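# Geometric and topological summary
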Amino acid sequence: MILQIEKLVYGGDGLARLPSDAHGPGKAVFVPFVVPGEQVEASAVETRPGFVRAQLDKVVTASPERVEPDCPYFGRCGGCHYQHLNYDAQLRHKAEILRETLRRTAKLELTQEIQLHRSPPWKYRNRTRMSVRHAPDFALGYFPHNSHDVLPVESCPISSPLINQAIAAVWKVGREGTLPQSVHGLQFFANHDDTKLFVEAYVRPSHPSKTGGAPAAVEIQPFAATLHTELAQLVGIAVLPTSALEDETQQRAPLTAIHPEISGAIGDESLLYHAVGHDYRVRSGSFFQTNRFLTETLVQIVMAGRKGRSAVDLYAGAGLFTVQLARNYDTVLAVESSPHSFADLRHNVPHNVKCIRSTTEKFLTERSAKLGSDLVVVDPPRAGLGEKTARALGRMTVPHVTYVSCDPATLSRDLRVLLEFNFRVEQAHLVDMFPQTFHVETVLQLAR
């Protein structure tokens, strides 16, 4: 079928429509790797009552915004979505998607300009998770879309140079047969200046041990020693028991990953990450921002020069925002539910921060009505706040809320609730933490 692409939608696809008929407007058709304004030839791969998913067969009329992808795996690995678009166009379309989503779901027409914050479009990721295949031969790579097979990948141009060195080193070690069969995934985490690397190794928890003690860590020691020989920047390897299915789930949803308990570590158990004048300890399982170029920019936008008596940081993670809030506010409450992140949070923050291990929903349900504050910062996972938590936040006596979001749909859903409590949007920022992908990082400054 020949289609005219109307626009890009959140998720990475382009939207086209089949011809109208006597029964009404034509079905929506979603096609990946296209550009608005293009005429393309596509074939259906999934037909539903309200829409059709199609694959791109041929670009009939190309947009001037189309460029040649820089990665040989683009279109197959399932990671990037926009490498066929020039970077200026990526930013513009992301802003349009954000504006339309707020209009459709939050019923909000932004009167403010969305302030765009660019990232270098390549080599920006400080954290990359990959899967391991042992048979019929070794491979390190990613899961393609809708597939359980590992696509062999020997370089990743959106990952940092050090991570790419690590990928090459693992390929060498893997081909030599040193990597244990129990390892089904690896995650690489590089520090702020790309000079140190921490690795998480995901192993099948049922794999038998011949040595006792910490079986997975003992088994991986020869691999760790060999990898360190190839990669002097390696500071440590954490060993985490997970199933291959869990590994696929977390690789597909890295921003909302739930990390298992660590069964052992070889070398250092954490990485020091310097940002905005502070050294943050980040251990295995702790959340930290993944764009090594825009982390400080994100913090500066969140802070916005605000000062006061008290602040609350919800979904505090390892304390990236908390530490900075503590410099400008007399007291700070930091709420985090993950045991891994909470341990780092307590380690990283100064004395005027009170750390509370709780889910945000539970914390706000119990305390929002009696908790006054000058500022609340929320940085939830992709699932957002949810209606119950958003309403509890709305009931707080707080003049300013800063909402950091990695998903326009859940942001818009939550914002619709907050607007009922007389909040208004003062500033809207799109911080491009994830170039070449459809993900949109938004910071909204709310006031009432």
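Residues numbered from 1 in each chain as written. Predicted model: local features only at pLDDT ≥ 70, side-chain atom pairs only at ≥ 80, totals over all residues. Heavy atoms only, no water.

### With respect to the side chain of serine 119
Residue position: serine 119 is located in the loop between β7 (114-117) and β8 (127-133). Residue class for serine 119 comes out buried when judged on its relative accessible area of 4%. Here asparagine 291 takes part through its side chain, which lies 3.1 Å from a polar atom of the side chain of serine 119. (Helix = DSSP H or I, 4+ residues; strand = E, 2+ residues; numbered from the N terminus. Buried < 20%, exposed > 50% of the residue type's maximum accessible area, 1.4 Å probe, protein only. Polar contact = N/O pair within 3.5 Å; in protein donor to acceptor, adjacent residues only side chain to side chain.)

### Here's the deal with the sheet that holds strand β22 (residues 424-431)
Reading across from one edge, β7-β22-β23-β21-β20-β17-β18-β19 is the order of the 8 strands in this open sheet, with mixed pairing throughout. Edge positions in the sheet fall to β7 and β19 (353-357), since each has one partner strand and no second. Adjacent strand axes in the sheet meet at a mean angle of 15° when their direction is disregarded. Relative to β19, strand β18 (residues 329-336) runs parallel, the two being bridged by 5 bridges. Opposite valine 332, over in β19, you have valine 353 as the bridge partner. Contacts between helix α7 (residues 339-348) and the sheet are confined to β18 and β19, with β19 contributing the most and set at about 165° to the helix. (Pairing = 2+ DSSP bridges. Axes fitted to C-alpha atoms, helices over the stretch in contact; angles between N-to-C directions. Contact = heavy atoms within 4.5 Å.)

### Details of the packing of aromatic side chains
Overall, the coordinates contain 7 aromatic pairs when judged by the stated rule. On the basis of an interplanar angle of 5° and a centroid distance of 6.0 Å, the ring pair of phenylalanine 189 and tyrosine 273 is categorised as stacked. Of this pair, phenylalanine 189 sits in strand β11 (residues 183-190) while tyrosine 273 is found in strand β15 (residues 270-275), placing the two residues 84 residues apart along the sequence. Residue classification places tyrosine 273 among the buried residues on the basis of a relative accessible area of 1%. Ring-pair connections join several aromatic residues into one group, and the members of that group are Phe189, Tyr273, Tyr280 and Phe288. Directly above the aromatic system of tyrosine 202 lies the positively charged group of arginine 129, at a separation of 3.6 Å from the ring centroid. (Phe/Tyr/Trp six-rings, centres within 6.5 Å; stacked < 30°, edge-to-face > 60°. Lys NZ or Arg CZ within 6 Å of the ring centre and 35° of its normal.)

### Remarks on helix α6 (residues 320-328)
In terms of residue burial, α6 counts as a mostly covered element, since 7 of its 9 residues are buried. For α6, the set of buried residues is Leu320, Phe321, Thr322, Val323, Gln324, Leu325 and Ala326.

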